[in-house]
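Here is how the chains run, residue by residue.
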Amino acid sequence: MKSYIVEFTHRVSGESFLKFGHTKYSDVMKRFEFSPEQYQDYNIQVLASIKHHTVEAAEAVETDFLDKYPKNLYLPKNFSGITEIYEPEDKQERAKILREFYTIKETIEGKKKKKGSTVMPWPVYNVSGAEKDNKLIIDKSGDTLITDQLTDNPLAR
């Protein structure tokens, strides 16, 4: 189960709005494959989603956002989920909504990086105290780096 926020952008006018919802699909876009002709006037982009263990948890997040941001626009063409749409006043409100959603996501999924954490998603080599052999640097773990393959950016080393 997932709760989500997607953004609909009209293909001609460029006007956009958000849709809050939940789905049983792990890929939120699959939710919009049902009768796709009803969405043909729009580009749809998933802005955020949260994994849940139960349908009740997904519905609770959706309901919370629908209560805070009730439908505030009329569309001439009806489609599934039309009551779950909201047009933010401006980019700042859109950003505020996404921050709220991501805060909930971090709480539920527990993936928030701790403040001050130095955990990197790539290997970090300790070259202090390493032996230099022309263009090779061998660190204490025995890993060998070919230094002419490293970027010139010192922050990337």
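Small disclaimer: the values here were computed from a predicted structure and weren't measured.

Colleague: What's the story with the packing of aromatic side chains in this structure? I'm lost.
Modeller: Aromatic ring pairs are reported here in terms of the distance separating the ring centres and the angle at which the planes meet. Throughout the structure, instances matching the rule amount to 16 aromatic pairs. Taking the centre distance of 5.8 Å and the plane angle of 55 degrees together, the rings of Phe8 and Tyr39 count as tilted. With Phe8 in strand E1 (residues 2–10) and Tyr39 in the loop between strand E2 (16–23) and strand E3 (42–51), this residue pair connects regions lying 31 residues apart in the sequence. Across the pair, Tyr39 and Phe8 agree in class, each one buried. Grouping aromatic residues by their ring pairs yields a cluster made of Tyr4, Phe8, Phe17, Phe32, Tyr39, Tyr42 and Phe79. A cation over a ring is seen here: Lys68 above Phe65, with NZ or CZ 5.7 Å from the ring centre.

Colleague: What should I look at first to understand helix H1 (residues 55–68) in this one?
Modeller: Counting along an α-helix, one turn takes 3.6 residues, and residues three or four places apart therefore face a common direction. The end-to-end C-alpha separation of H1 is 20 Å, in line with the 20 Å expected for 14 residues at 1.5 Å each. Among the residues making up H1, those that are buried are Ala58, Val61, Glu62 and Phe65. Projected onto a plane normal to the axis of H1, the buried residues spread over an arc of 95 degrees and lie on a single side. Along H1, the residues that are exposed and aim more than 90 degrees away from the buried face are Glu56 and Asp67.

Colleague: Would you take a moment to explain unusual backbone geometry for this structure?
Modeller: Of all residues except glycine, most have a negative phi; of all peptide bonds, most are trans. The backbone phi angle of Ser35 is positive, close to 50 degrees, even though this residue is not glycine. Secondary-structure assignment places Ser35 in the loop between E2 and E3.

Colleague: Got a minute to help me understand the environment of Asn78 in this structure?
Modeller: Tracing the chain through its elements places Asn78 in the loop between H1 and strand E4 (85–86). Along the chain, Asn78 and Tyr39 lie 39 residues apart, while their C-alpha atoms are 9.4 Å from each other.

Colleague: Teacher, can you tell me more about the layout of surface pockets here?
Modeller: Rolled over the atoms, a probe sized like a water molecule indicates the empty space that remains. The calculated volume of the second largest pocket comes to roughly 170 Å³. For the second largest pocket, the lining is made up of 13 residues, of which His10, Ser13, Glu15, Tyr42 and Leu75 are closest to its centre. Of the residues contributing to the lining of the second largest pocket, the split by class is six nonpolar, three polar and four charged.

Colleague: What is the right way to look at helix H2 (residues 91–109) in this model?
Modeller: In a regular helix each residue adds 1.5 Å, so 19 residues correspond to 27 Å; H2 covers 26 Å between its end C-alpha atoms and thus fits that length. Contact partners of the buried residues in H2: E1, E2, E3, H1 and E4. For H2, the capping residue at the N-terminal end is Asp90, with a side-chain oxygen 3.2 Å from the backbone nitrogen of Gln92. Among the residues trailing H2, Gly110 stands out with phi positive, at a value near 65 degrees.

Colleague: I keep staring at the pairing of E1 and nothing clicks. Help me out?
Modeller: Regular strands have side chains that alternate between both faces of the sheet. Across the nine residues of E1, seven count as buried, placing the element largely inside the fold. Here eight bridges tie E1 to E2, and the two strands are oriented antiparallel to one another. Note on E2: the bridge partner recorded for Glu7 is Leu18. Counting the residues that bridge the hairpin from E1 to E2 gives five residues, and of these Gly14 lies at a positive phi of roughly 80 degrees. One ladder, built from nine bridges, connects E1 with E3; its direction is antiparallel. Residue pairing across strands places Ser3 opposite Ile50, the latter belonging to E3.

Analysis parameters
- Residues numbered from 1 in each chain as written.
- Predicted model: local features only at pLDDT ≥ 70, side-chain atom pairs only at ≥ 80, totals over all residues.
- Heavy atoms only, no water.
- Phe/Tyr/Trp six-rings, centres within 6.5 Å; stacked < 30°, edge-to-face > 60°.
- Helix = DSSP H or I, 4+ residues; strand = E, 2+ residues; numbered from the N terminus.
- Buried < 20%, exposed > 50% of the residue type's maximum accessible area, 1.4 Å probe, protein only.
- Lys NZ or Arg CZ within 6 Å of the ring centre and 35° of its normal.
- Expected span 1.5 Å × (residues − 1).
- Arc of directions from axis to C-beta.
- 1 Å grid on protein atoms, 1.4 Å probe; cavity = no way out; pocket = protein on both sides within 12 Å on 5 of 7 lines; lining within 4 Å.
- Points joined across faces, edges and corners; volume = space filled by probe spheres on them.
- Nonpolar A, V, L, I, M, F, W, Y, C, P; charged D, E, K, R; others polar.
- Contact = heavy atoms within 4.5 Å.
- Polar contact = N/O pair within 3.5 Å; in protein donor to acceptor, adjacent residues only side chain to side chain.
- Pairing = 2+ DSSP bridges.

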